[in-house]
Amino acid sequence: MNSDPKLERIAKGNALALCATGTWTASFAPVLERIVADAEKLAGSPQSIFIDVSEVAKLDTFGAWLIERLRRSLTQGAVEAQIAGLSANYSSLVDEVRRVRAGAVVDSSPITIAGMLEQIGRTVAGVGGTVAGLVDMLGAVLAAWFRVLIHPRSFRLTSTVHHMEQVCWRAVPIIVLITFLIGCIIAQQGIFHFRRFGADIFVVDMLGVLVLREIGVLLVAIMVAGRSGSAYTAELGSMKMREEIDALRTMGFDPIEVLVLPRMMALVLALPILAFLGAMAALYGGGLVAWLYGGVEPEAFLLRLRDAISIDHFIVGIVKAPVMAAVIGIVACVEGLAVQGSAESLGQHTTASVVKGIFFVIVMDGVFAIFFASIGM
């Protein structure tokens with residue numbers, strides 16, 4: 001028996017029957033592509049079209065997709081192509097291929113003012129949806145926290161300690177290293193430019209204020225958003241894909257209380273600690289460079305630093321840390337719970353978690369700057 005694929009055309013009045021025979025598999029891909037391309041040119045002529053696959057000897061996913069593509073091409077307006085003669089072995093394969101949506105058609109229409117305004121409106125609506133999701137998650141976390149305050153035994157201390165280790169303890173080396181290098185760079189650049197005016201010692205003022213008020217906590221928050229925020233999103237997204245979160249709800253557990261609250265608590269406790277360690281590392285790096293590069297003795301550095309900064313600078317930086325941690329955690333958990341059942345969705349939401357987390361951290365830093373300036377700190 002000849003296994004070469006064929007597609008015979010039989011015209012019956014206004015109807016057209018396409019009879020497929022032979023082997024419709026990927027091994028005959030070039031032949032099948034030509035056959036289907038020729039058959040697609042028949043679109044629009046008859047009133048009814050039937051694709052008979054009862055004589056197909058073998059069929060794989062490639063052949064099933066070509067048959068479905070042919071059916072879609074021949075379906076126009078009131079004329080709908082029908083697939084007939086499917087055996088029980090291949091009907092499920094063709095049905096599965098039929099569920100695959102056709103690729104989006106590229107819109108080649110000219111750009112208009114109305115279209116641009118529509119796109120702006122959709123973007124604004126998307127931003128509004130993001131903010132609404134964050135507010136909803138904040139409310140759910142606060143509600144779970146109040147329930148834990150009423151019933152302290154329901155608090156998952158072991159889980160919180162585990163996440164504290166992951167977020168805080170394991171992050172100390174990279175945080176200290178990066179902030180140390182940033183402190184060195186700030187001090188070197190400050191000395192290089194201040195030396196023109198004979199004001200090398202003022203680099204201590206700049207370093208102390210920048211590190212304690214702004215750079216220290218902001219840099220640490222950005223690194224935590226990239227390191228821990230993405231991890232939270234990936235963990236929750238993987239649980240969502242494996243339907244573990246649905247299983248928790250089925251067993252009567254609240255996913256916010258079980259999964260989100262311990263992560264949020266660990267992050268809120270960890271970020272002030274990391275910000276403090278990062279600030280100390282940056283000051284140490286700046287002092288080392290000021291000594292070796294600028295000739296500022298350690299004793300003079302410490303004396304100038306004590307006069308340049310006050311407890312207010314330290315308070316301003318530390319107060320920001322838990323708020324930024326809460327923002328990072330909420331964004332990460334919202335994106336993680338929004339993951340659908342595909343690896344592509346997991347990657348997209350993990351990327352969105354990092355981008356949005358860093359964005360909101362910078363926004364909150366600006367809000368705090370305005371607030372503390374208005375109260376004179």
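Residues numbered from 1 in each chain as written. Predicted model: local features only at pLDDT ≥ 70, side-chain atom pairs only at ≥ 80, totals over all residues. Heavy atoms only, no water.

- For the protein chain, the name recorded in an unreviewed UniProt entry is ABC transporter permease, with Bradyrhizobium frederickii as its organism.

**Looking at the overall build of the protein chain**
Moving on, step 1. On a plain count of helices and strands, the protein chain comes out with 12 helices and 4 strands.
Moving on, step 2. Here the protein chain has a C-alpha radius of gyration of 32 Å; the compact-globule value for 377 residues is 21 Å, and the former is much larger.
Moving on, step 3. Across its three principal directions, the C-alpha atoms of the protein chain cover 100 × 60 × 45 Å.
Moving on, step 4. Long-range contacts, defined as pairs at least 24 residues apart, comprise 80% of the intrachain contacts of the protein chain with a sequence gap of at least 6.
Moving on, step 5. Total accessible area on the protein chain is roughly 20500 Å²; 66% of this is exposed by carbon and sulfur atoms. (Helix = DSSP H or I, 4+ residues; strand = E, 2+ residues; numbered from the N terminus. Rg over C-alpha atoms; globule rule 2.2 N^0.38 Å. Contact = heavy atoms within 4.5 Å. Areas by Shrake-Rupley, 256 points an atom, 1.4 Å probe, with all protein chains shown as cover.)

**Details of the packing of helix α7 (residues 202–241) against helix α9 (residues 255–292)**
Moving on, step 1. As a packed pair, α7 and α9 sit with axes 8 Å apart at the nearest point and diverge in direction by 145°. For the element pair α7 and α9, the recorded crossing hand is right-handed.
Moving on, step 2. Broken down by class, the residue content of the contact of α7 with α9 amounts to 20 nonpolar, 5 polar and 2 charged. (Axes fitted to C-alpha atoms, helices over the stretch in contact; angles between N-to-C directions. Left-handed = near helix turned anticlockwise from the far one by under 90°. Nonpolar A, V, L, I, M, F, W, Y, C, P; charged D, E, K, R; others polar.)

**Here's the deal with unusual backbone geometry**
Moving on, step 1. One non-glycine residue, Glu243, adopts positive backbone phi at about 65°.
Moving on, step 2. Examined against the element boundaries, Glu243 turns out to sit in the loop between α7 and α8 (244–250).
Moving on, step 3. On the basis of relative accessibility, which here comes to 53%, the residue Glu243 falls in the exposed class. (Buried < 20%, exposed > 50% of the residue type's maximum accessible area, 1.4 Å probe, protein only.)

**Structural notes on the packing of aromatic side chains**
Any pair of aromatic rings gets described here by the distance separating the centres and the angle formed by the planes.
Moving on, step 1. For the structure on display, the rule yields 6 aromatic pairs.
Moving on, step 2. Each ring, one from Trp145 and one from Phe155, has its centre 6.4 Å from the other, and the planes form 80°; the classification is edge-to-face. Taken as a pair, Trp145 in helix α4 (residues 113–150) and Phe155 in the loop between α4 and α5 (157–167) lie far apart in primary sequence, 10 residues in all.
Moving on, step 3. Owing to a relative accessible area of 29%, Trp145 belongs among the partly exposed residues under this scheme.
Moving on, step 4. Classification of Phe155 by relative accessible area gives partly exposed; the value is 24%.
Moving on, step 5. Taken together, Phe368, Phe371 and Phe372 form an aromatic cluster joined through their ring pairs. (Phe/Tyr/Trp six-rings, centres within 6.5 Å; stacked < 30°, edge-to-face > 60°.)

**Describing the environment of Thr250**
Moving on, step 1. Considering the arrangement of structural elements, one finds Thr250 in helix α8.
Moving on, step 2. The sequence separation of Thr250 and Leu142 amounts to 108 residues, and the corresponding C-alpha distance is 22 Å.
Moving on, step 3. Reaching out from Thr250, the side chain makes a polar contact with the backbone oxygen of Asp246 at a distance of 2.9 Å. (Polar contact = N/O pair within 3.5 Å; in protein donor to acceptor, adjacent residues only side chain to side chain.)

**Digging into the packing of α7 against helix α11 (residues 311–337)**
Moving on, step 1. Between α7 and α11, whose axes approach to 8 Å, the crossing angle comes to 20°. Between α7 and α11, the angle is such that the two are roughly parallel. In this structure, α7 meets α11 at a crossing whose hand is right-handed.
Moving on, step 2. Broken down by class, the residue content of the contact of α7 with α11 amounts to 16 nonpolar, 6 polar and 5 charged. (Parallel < 35°, antiparallel > 145°, perpendicular 65-115°, else oblique.)

**Some details on empty space enclosed by the protein**
Moving on, step 1. Going through the model one piece at a time under the given rule, you end up with 1 cavity of 30 Å³ or more.
Moving on, step 2. If you trace the largest cavity, you find it lined by Val211, Leu212, Gly216, Val217, Ala275, Phe276, Ala279, Phe314, Gly317 and Ile318.
Moving on, step 3. Among the elements that take part in the lining of the largest cavity, α7 stands out by supplying 4 residues, more than any other. (1 Å grid on protein atoms, 1.4 Å probe; cavity = no way out; pocket = protein on both sides within 12 Å on 5 of 7 lines; lining within 4 Å. Points joined across faces, edges and corners; volume = space filled by probe spheres on them.)

**Digging into the domain arrangement of the protein chain**
Moving on, step 1. As assigned here, the protein chain comprises domain 1 (4–97) and domain 2 (131–373).
Moving on, step 2. For domain 1 and domain 2, the distance between their C-alpha centroids amounts to 58 Å. (Domains from an automatic or database assignment.)

**Digging into the state of the cysteines**
Moving on, step 1. Under the counting rule described, the total for this entry stands at 0 disulfides.
Moving on, step 2. Free of any disulfide, Cys168 has its nearest cysteine sulfur in Cys333, 18 Å distant. (Disulfide = S-S within 2.5 Å.)

**Quick word on the pairing of strand β3 (residues 48–59)**
Moving on, step 1. Pairing analysis gives 9 bridges linking strand β2 (residues 15–24) to β3, with the strands arranged parallel. If you follow Leu18 over to β3, its bridge partner there is Ile51.
Moving on, step 2. Sheet analysis places β3 next to strand β4 (residues 81–84), joined by 4 bridges and oriented parallel. If you follow Ile51 over to β4, its bridge partner there is Ile83. (Pairing = 2+ DSSP bridges.)

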